[in-house]
Amino acid sequence: MDKTSSSFVSSEACTPSSAGNAEVQDSPRVDRRTLLKSGAAATLGLSLGTSTWQRAHGKEGGSETEVRSYRKLGRTGLEISDISFGSSRLASGEDVVRFALDRGINYFDTAESYKGGRSEETVGKALAGVREKVILASKVKCEADSTRAQLMQALEGSLRRLRTDRVEIYFNHAVNDVERLKNPEWGEFIERAKEQGKIRFTGISGHGGLLSDCIRYALDQKLVDVMLLAYNFGQDPSFYERLTRSFDFIAVQPELAALLARAKREGVGTIAMKTLMGAKLNDMRPFESDQGTFAQAAFRWVLSNSNIDALIVSMTETDQIREYLGASGQPKVRSFDVALLERYIGRHSASTCRQGCSACYGACPAGVSIADALRTRMYAVDYGDLEMGQREYASLGEPASACTGCSHSACTGSCPFGLRVDSLVRDAHRRLSSA
Ligand code: SF4
Ligand code: SF4
């Protein structure tokens, strides 16, 4: 992607130091009090006061953060909040959904599989009566052998739970194999559902290995109006280019940037997800200040890419929404942001599986999908949502089941980022298997 054509870095630009870390040049200095609150206090295990948080969250003085930018979603004509509502971990909490709506969020993303349908039920109940004001998206996995009738049945189930007669966008969920996109039943189902007014637009969501292959095929075959894709600073070549003095750059998805630019040219809307690269938010709290939080920095990075229209993030608490919307309308990366993101990479690079990466594809002679196994482990370990991890792991057919009896560990060393793949996949199966 051409970051030079977008608002890549604000005038508060940073320059790499000899250690590869950004020097904060123009940002306001963090005073001793703030440092004590944001760093030393946390290091000592003390509870932080709320004033730093209130400043970062825009709450000080009684004001609330809210959506400050709506972005066009490709050629659809829809305009959605730049930071929108993801509900993959929402099993209840209509008040949270309504809080988001009241803050200006108008795009709500869910799926039939999220929390066994409870996510759709919660969103539907919360938004009953304001349907015309919001844009709804849901998803179903179209497998290589799914039929039109099965897909229509799934859509109708989603509409029932969402208490509506239509969704604006219906995604083929979590595509990880081009064969799934070749199923002609999907196209015929979509055509029928559009004729019946049950959906307006269609697309794919993807965060597994082979993501670039799936995007290219979907664009070539004109299968998509919108794409919901894993994208974060940790996948972005331009992020690593800043750090070459201290990190060996490895392109996670070397073709992704060009594919995003192509999608933009062709009027396909793009929404980013998995923007927090594992979302180990609590690890970063000691380093945050009133200049921003790690999440806000990560969002500004994503929104600075002019080929990305908007992002979604899982929202389950009102305080999260306050924090997240602190970055709305801010498509410029600040020097403070870069320092936080670098710190995150430095702490988690060797333990975080990159979404959409295919570098270890084929390393396992038993055909284990390492990326899928580690993504589901991430839900359980990093998100703290064991139920979600177990459900996703089961839906993939327990991809690491072969690992428990494996003695050769052919996958060891297959990850260019240094992840201990063999122990992580075994751990995934141990945590997530129903056996
Ligand atoms: S384990 Fe390493 S190589 Fe495999 S998908 Fe994750 S980051 Fe990529
Ligand atoms: S531990 Fe064995 S079965 Fe599991 S991914 Fe590695 S090589 Fe494959």
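Residues numbered from 1 in each chain as written. Chains lettered and ligands numbered in written order. Predicted model: local features only at pLDDT ≥ 70, side-chain atom pairs only at ≥ 80, totals over all residues.

Caption draft 1: Structural view of the overall build of the chain. Scanning the chain from N- to C-terminus turns up 17 helices and 12 strands. When burial is assessed residue by residue, the chain has 50% of its 435 residues classed as buried. (Helix = DSSP H or I, 4+ residues; strand = E, 2+ residues; numbered from the N terminus. Buried ≥ 20, exposed ≤ 12 C-beta atoms within 10 Å, placed from the backbone.)

Caption draft 2: Just the environment of Leu256, in detail. Inspection of the secondary structure assignment puts Leu256 in helix 10 (residues 256-265). Beyond its immediate sequence surroundings of up to four residues, Leu256 is in contact with Ser212, Gln235 and Gly356. (Contact = placed C-beta atoms within 7 Å.)

Caption draft 3: Representation of the site of ligand 2 within the structure. Around ligand 2, the surrounding shell holds 13 residues, and the nearest of these are Cys364, Val368, Cys403, Cys406 and Cys411. Residues of the shell around ligand 2, tallied by class, amount to 11 nonpolar, one polar and one charged. (Near = placed C-beta within 6 Å. Nonpolar A, V, L, I, M, F, W, Y, C, P; charged D, E, K, R; others polar.)

Caption draft 4: Examining the sheet that holds strand 6 (residues 107-109) more closely. If you walk around this closed barrel you meet the eight strands as 5-6-7-8-9-10-11-12, and the pairing is parallel. With direction set aside, neighbouring strand axes in the sheet form an average angle of 30°. In this sheet, strand 7 (residues 135-140) lies alongside strand 6 in parallel orientation, the contact comprising three bridges. Bridge pairing links Asp109 to Ala137 in strand 7. (Pairing = 2+ DSSP bridges. Axes fitted to C-alpha atoms, helices over the stretch in contact; angles between N-to-C directions.)

Caption draft 5: Quick peek at the site of ligand 1. Taken together, 13 residues form the shell around ligand 1, and within it Cys353, Cys357, Ala359, Cys360 and Cys415 come nearest. The element contributing the most residues to the shell around ligand 1 is helix 15 (residues 370-381), with three residues.

Caption draft 6: Examining helix 3 (residues 94-102) more closely. For helix 3, the complete set of buried residues consists of Val96, Val97 and Ala100. The buried residues of helix 3 occupy one face: seen down the axis, they fall within an arc of 100°. In helix 3, the exposed positions angled more than 90 degrees off the buried face are occupied by Asp95 and Asp102. Looking at the buried side of helix 3, the elements it contacts are strand 5 (83-86), helix 4 (118-127) and helix 13 (318-325). A positive phi of about 105° marks Gly104, the residue just after helix 3. (Arc of directions from axis to C-beta.)

Caption draft 7: Broad picture of unusual backbone geometry. The phi dihedral of Lys115 is positive, around 50°, even though this residue is not glycine. Mapped onto the secondary structure, Lys115 falls in the loop between strand 6 and helix 4. Under the C-beta neighbour-count criterion, Lys115 is labelled buried, with 21 such atoms within 10 Å. Here the phi dihedral of Lys274 falls at roughly 55°; this positive angle occurs in a residue that is not glycine. Here Lys274 is to be found in the loop between strand 11 (269-273) and helix 11 (281-284).

Caption draft 8: Spatial organisation of the packing of helix 12 (residues 294-303) against helix 14 (residues 335-348). Helix 14 packs onto helix 12 with a crossing angle of 105° between their chain directions and a minimal axis gap of 9 Å. One way to sum up the angle between helix 12 and helix 14 is to call them roughly perpendicular. Contacts between helix 12 and helix 14 involve Phe294, Ala297, Ala298, Arg300 and Trp301 on the former and, on the latter, Asp337, Leu340, Leu341 and Tyr344. (Parallel < 35°, antiparallel > 145°, perpendicular 65-115°, else oblique.)

Caption draft 9: Quick peek at the pairing of strand 7. In terms of residue burial, strand 7 counts as a mostly covered element, since six of its six residues are buried. Burial along strand 7 is two-sided: Ile135, Ala137 and Lys139 and Leu136, Ser138 and Val140, pointing in opposite directions, are all buried. Read from strand 6 through helix 4 to strand 7, the crossover connection turns out right-handed. As defined by bridge partners, strand 7 adjoins strand 8 (residues 167-172) across four bridges and the pair is classed as parallel. Looking at strand 8, one finds that Lys139 is bridged to Phe171. Read from strand 7 through helix 5 (residues 148-162) to strand 8, the crossover connection turns out right-handed. (Right-handed = clockwise from strand over helix to strand, strands pointing away.)

Caption draft 10: Geometry of helix 8 (residues 211-220). Every buried residue belonging to helix 8 is among Leu211, Ser212, Cys214, Ile215 and Ala218, and all of these are buried. Buried residues in helix 8, looked at end-on, bunch into an arc of 160°, giving them a common side. Check the buried side of helix 8 and you find it contacts helix 6 (178-181), strand 9 (199-206), strand 10 (226-230) and helix 10. One or two positions beyond helix 8, positive phi appears at Lys222, with a value near 55°.

Caption draft 11: View of the packing of helix 15 against helix 17 (residues 421-432). One can describe the packing of helix 15 onto helix 17 by two numbers: an axis separation of 9 Å at closest approach and a directional angle of 55°. Accordingly, the angle class assigned to the pair helix 15 and helix 17 is oblique. Between helix 15 and helix 17 lies a crossing whose hand is left-handed. Contacts between helix 15 and helix 17 involve Ile370, Ala373, Leu374, Thr376, Arg377 and Ala380 from the first element and Val421, Leu424, Val425, Asp427, Ala428, Arg431 and Leu432 from the second. Its residues assigned to classes, the contact of helix 15 with helix 17 shows nine nonpolar, one polar and three charged. (Left-handed = near helix turned anticlockwise from the far one by under 90°.)

Caption draft 12: A look at the environment of Lys125. As for its placement among the helices and strands, Lys125 is situated in helix 4. Judged by the 15 C-beta atoms lying within 10 Å of it, Lys125 falls in the partly exposed class. Separated by 31 residues in sequence, Lys125 and Glu94 have C-alpha atoms that sit 7.0 Å apart. Look past the residues within four positions of Lys125 in its chain and what remains in contact with it is Glu94 and Arg163.

Caption draft 13: Looking closely at the nonpolar core. Within the largest apolar cluster, 91 residues are counted, with the highest numbers of intra-cluster contacts made by Val226, Met227, Ala298, Phe299, Val302, Leu311 and Leu341. With eight residues, the single largest contributor to this core is helix 12. Those residues within four positions of Val302 in sequence are excluded, and the remaining contacts are Tyr231, Asn232, Ala272, Thr275, Ile308 and Leu311. Ile370, Met388, Ala400 and Leu419 belong to the second-largest nonpolar core, a separate cluster that totals 25 residues. (Core = buried A, V, L, I, M, F, W, Y, C linked by C-beta atoms within 7 Å.)

Caption draft 14: Examining the environment of Ser238 more closely. Its location among the elements puts Ser238 in helix 9 (residues 237-241). Distance in space between the C-alpha atoms of Ser238 and Ala257 is 9.7 Å, their sequence separation being 19 residues.

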